[in-house]
Amino acid sequence: MNYQPLHYIYQPATGTPTGTTLLLLHGTGGDERDLLPLASYFGTGLNVLSVRGNVLEGGMPRFFRRLGMGVFDEEDVRFRTHELAHFLQQVSQREGFDVKQMVAVGYSNGANIAGSLLLLYPELLAGAVLWRPMQPLTREVPSPTTERRQPVFFNPGSRDPTVDAAATDRYAALLTSAGFQLTRHDTPAGHNLTQADVLAGAAWFQKHFLLPAERSV
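As named in an unreviewed UniProt entry, the chain is Hydrolase, taken from Hymenobacter cavernae.

This is the structure we're talking about:
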């Protein structure tokens, strides 16, 4: 396949490494610097890998194309998901971290490509924080199964005008049926990411992936 490299920033763990790598995935119009300030909320001893999507929409980076607001180019979703998975395998070898101990932290479009990784590569990630998720594949819905039973923080906005509530329920049910341990946290907000979302996601992450001495919030 004609996969293209992705721009990224990698920050190895300082202090006592936990072995876990945060995979930061920005929303539409962000880049590899966008979510970096949030990494410190998740604790100490973490590697951080922040990636920029390869697709441009009106000059704004994204991880895959869309046909309209809330309508995804699902052929491109699949291609870009395979491209990202291929990249993650390569960069883990280059930078020297365990790809199996990687937890995706994604917002909006970044949450959607992370969700596509869960659906198409269900054993790859160790877990995921999905802020404002939307099901990325709906026409030919995968039937993923994972024996790892990875935890997933699923954080929709209850007032989000871009996502249908029933579709959100179906997506949550799909991930649960696949074997992911879903923690659903509905925020009384729209599509924007709030401080409460960040704190809730970080607290959930620390509960599942860090020892008490490694937690910061």
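Next comes the rest of the write-up.
Points about empty space enclosed by the protein
According to the stated counting rule, one finds one cavity of 30 Å³ or more in the structure shown. The space that makes up the largest cavity amounts to roughly 40 Å³. In terms of lining residues, the largest cavity is bounded by Leu6, Gly53, Asn54, Phe63, Arg80, Glu83 and Leu84. When the residues that make up the lining of the largest cavity are grouped by side-chain class, the tally is three nonpolar, two polar and two charged.

Concerning the environment of arginine 139
Tracing the sequence through the fold places arginine 139 in the loop between strand S9 (127–131) and strand S10 (151–155). Given a relative accessible area of 57%, arginine 139 falls into the exposed group. Sequence separation of arginine 139 and glutamate 74 is 65 residues, and the distance between their C-alpha atoms is 7.9 Å. Leave out the neighbours within four places in its chain, and arginine 139 touches Phe72, Glu74 and Glu75.

Observations regarding the pairing of strand S2 (residues 21–25)
Counting buried positions along S2 gives five out of five residues, so the element sits mostly inside the fold. Burial of the side chains of S2 extends over both faces: Thr21, Leu23 and Leu25 are buried on one face and Leu22 and Leu24 on the other. As paired elements, S2 and strand S3 (residues 47–51) share five bridges and run parallel to each other. Bridged to leucine 24 within S3 is serine 50. Sheet topology note: the S2/strand S8 (residues 102–107) ladder contains five bridges and is parallel. Bridge assignment links leucine 22 to a residue of S8, and that residue is valine 103.

Observations regarding the packing of aromatic side chains
Tallied over the entire structure, the rule returns 10 aromatic pairs. Relative to phenylalanine 205, the ring of phenylalanine 42 lies with its centre 5.4 Å away and its plane at 75°, an arrangement referred to as edge-to-face. Residue phenylalanine 42 is located in the loop between S2 and S3, and its partner phenylalanine 205 is located in helix H4 (residues 195–209); the two are separated by 163 residues in the primary sequence. Phenylalanine 42 sits in the buried class, given a relative accessible area of 1%. What makes phenylalanine 205 buried here is its relative accessible area of 0%. Each residue in the set Phe42, Trp131, Phe153, Trp204, Phe205 and Phe209 is aromatic and connected to the rest through ring pairs, giving one cluster.

Here we look at the packing of helix H1 (residues 74–95) against helix H2 (residues 109–120)
Interhelical geometry of H1 versus H2 gives an angle of 85° and a closest axis separation of 10 Å. Looking at the two axes, H1 sits roughly perpendicular to H2. Note on element contacts: H2 touches H1 through Ile113, Ser116, Leu117 and Leu120, opposite Val77, Arg78, Arg80, Thr81, His82, Leu84, Ala85 and Leu88.

What about the layout of surface pockets?
Of the voids in this model, the largest pocket is the one considered here, and its volume is about 230 Å³. Taken together, 15 residues form the lining of the largest pocket, with Gly70, Met134, Gln135, Thr138 and Ala167 sitting closest to its centre. Secondary-structure elements contributing two or more residues to the lining of the largest pocket are strand S7 (71–72) and helix H3 (165–178). At three residues, H3 tops the list of elements feeding residues into the lining of the largest pocket. Among the residues making up the lining of the largest pocket, the classes are represented as six nonpolar, five polar and four charged.

How each quantity is defined
- Residues numbered from 1 in each chain as written.
- Predicted model: local features only at pLDDT ≥ 70, side-chain atom pairs only at ≥ 80, totals over all residues.
- Heavy atoms only, no water.
- 1 Å grid on protein atoms, 1.4 Å probe; cavity = no way out; pocket = protein on both sides within 12 Å on 5 of 7 lines; lining within 4 Å.
- Points joined across faces, edges and corners; volume = space filled by probe spheres on them.
- Nonpolar A, V, L, I, M, F, W, Y, C, P; charged D, E, K, R; others polar.
- Helix = DSSP H or I, 4+ residues; strand = E, 2+ residues; numbered from the N terminus.
- Buried < 20%, exposed > 50% of the residue type's maximum accessible area, 1.4 Å probe, protein only.
- Contact = heavy atoms within 4.5 Å.
- Pairing = 2+ DSSP bridges.
- Phe/Tyr/Trp six-rings, centres within 6.5 Å; stacked < 30°, edge-to-face > 60°.
- Axes fitted to C-alpha atoms, helices over the stretch in contact; angles between N-to-C directions.
- Parallel < 35°, antiparallel > 145°, perpendicular 65-115°, else oblique.

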